[in-house]
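One-letter residues, chain by chain:
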Amino acid sequence: MFSIIHGTVKLCDTLKGRNLLPENSIDNFYLEEAYVKPVYETDELRHLSEGLSFTIMGKALPKAEGFAVDFRRENLERDIALRVTVLANRNLIARNSRKSLIWGVDELDTELAFKLQPGKYIQLQILVTNEAFMIALNGFHIAKYTHRMSLENIDKFLVHGCVANVNVEQKFVDIYPQSPDKTLHMERVSARALDREDDD
């Protein structure tokens, strides 16, 4: 298990007092990484292959924009095989890739309705398979992200944004998704429940 790192990053301060983009945009997180100090980073990655799992625990800070997780190649363009962006205040988890400095199209749909709560702990599990990344939130599978580039030479893993108490575990697993800690504050809700909230 990797070490626990506490704190926030400059991105949170950068967003204060800034005219944010429309609510359906996540472009605030497509900032040049050189200007954003990660909350967590490691280049001690196993080869990204079938069965390798990354479990990320962290507290989404209240009244904050969100945080992101990157699998990055340390080439000149710093290609990103997968970025998972968690926006708790918008109840949104987006997936995307960047190749040759160009971002692709965000994938926003999920296979399960969920409700994120700013200020609460979140557990993400990202499982590598031959065809895709499998993404689970607090013990429930929510999305499959088909690989858009080769996973060769992906040698950097980063977490950046408004998240504290980050803990990352990297290991090969036989079971997916893994059950989260019982202290997590995430409510699994039905689409009907979400519709009722929207009507209020």
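Everything in this summary refers to the structure shown in the same document. In this convention, every chain numbers its residues from 1, walking through the sequence in written order. Where totals are concerned, whole chains, interfaces and linings use all residues; where local detail is concerned, this predicted model gives features only for residues with pLDDT of at least 70, and gives and counts side-chain atom pairs only at 80 or more. The basis for every side-chain value is the complete set of non-hydrogen atoms in the structure, without hydrogens or water.

### Structural notes on the pairing of strand β8 (residues 132–137)
Partly exposed residues are those whose accessible area sits between 20% and 50% of the maximum for their type, while under 20% is buried and over 50% is exposed, using a 1.4 Å probe and protein chains only. Note on conventions: DSSP H or I runs of at least 4 residues are helices, E runs of at least 2 residues are strands, and numbering of each starts at the N terminus. The element β8 is largely enclosed, with a buried count of six among its six residues. Every second residue of β8 is oriented toward a common face, with A132, M134 and A136 on one face and F133, I135 and L137 on the other, all of them buried. The criterion for strand pairing is that DSSP finds at least two bridges linking the strands in question. Pairing between strand β7 (residues 121–128) and β8: five bridges, direction antiparallel. Considered in β8, the bridge of V128 is made with F133. Between β7 and the antiparallel strand that follows it, β8, lie three residues. Of the strand pairs in this sheet, β8 and strand β9 (residues 140–146) are connected by six bridges, and their pairing is antiparallel. In the sheet register, I135 faces β9, and the bridge partner there is A143. The turn linking β8 back onto β9 is made up of two residues, and N138 within it adopts a positive phi angle of 50°.

### A look at the pattern of salt bridges
When a carboxyl oxygen of Asp or Glu is within 4 Å of a side-chain nitrogen of Lys or Arg, the pair counts as a salt bridge. Inspection of every chain in the model, using the stated rule, returns six salt bridges. D79 is the salt-bridge partner of R73, the closest N and O atoms lying 3.5 Å from each other. Each member of the pair, R73 together with D79, is buried. A salt bridge links E107 to R148; the nearest nitrogen and oxygen atoms lie 3.2 Å apart. Of this pair, E107 sits in the loop between β6 (102–103) and β7 while R148 sits in the loop between β9 and β10 (154–161); the two residues are 41 residues apart in sequence, bridging distant segments of the chain. Of the residues examined, R148 reaches a relative accessible area of 33% and is grouped as partly exposed.

### With respect to the side chain of H147
Of note, H147 is situated in the loop between β9 and β10. Here a polar contact is recorded for every N or O atom pair within 3.5 Å, except that within protein the pair must consist of a potential hydrogen donor and a potential acceptor, and residues adjacent in sequence are included only if both atoms are side-chain atoms. In this structure the side chain of H147 is engaged in a polar contact, spanning 2.9 Å, whose partner is the backbone oxygen of T129. Note on definitions: a residue-residue contact is assigned when non-hydrogen atoms from the two residues lie within 4.5 Å. Apart from the residues within four sequence positions on either side, H147 is in contact with T129, N130, E131, A132 and F133.

### Some points on the sheet that holds β7
The antiparallel open sheet is built from five strands, whose spatial order is β9-β8-β7-β2-β11. Taken across any chain shown, the strands that pair with only one partner, and hence form the sheet edges, are β9 and β11 (163–172). The average undirected angle you get between the axes of adjacent strands in this sheet is 20°. Where strand β2 (residues 52–60) and β7 come together, seven bridges link them in antiparallel fashion. Counted as the bridge partner of T55 is Q125 from β7. Helix axes use the C-alpha atoms of the stretch in contact, all axes being lines fitted to C-alpha atoms, and the angles between their N-to-C directions lie in the range 0 to 180 degrees.

### Digging into the sheet that holds strand β4 (residues 80–87)
As summarised here, the arrangement of the six strands in space is β1-β10-β3-β4-β5-β6, forming an open sheet in which the pairing is antiparallel. With one partner strand each, in any of the chains shown, β1 (40–42) and β6 form the two edges of the open sheet. In this sheet, strand β5 (residues 92–99) lies alongside β4 in antiparallel orientation, the contact comprising six bridges. The residue of β5 that forms the bridge with L87 is L92.

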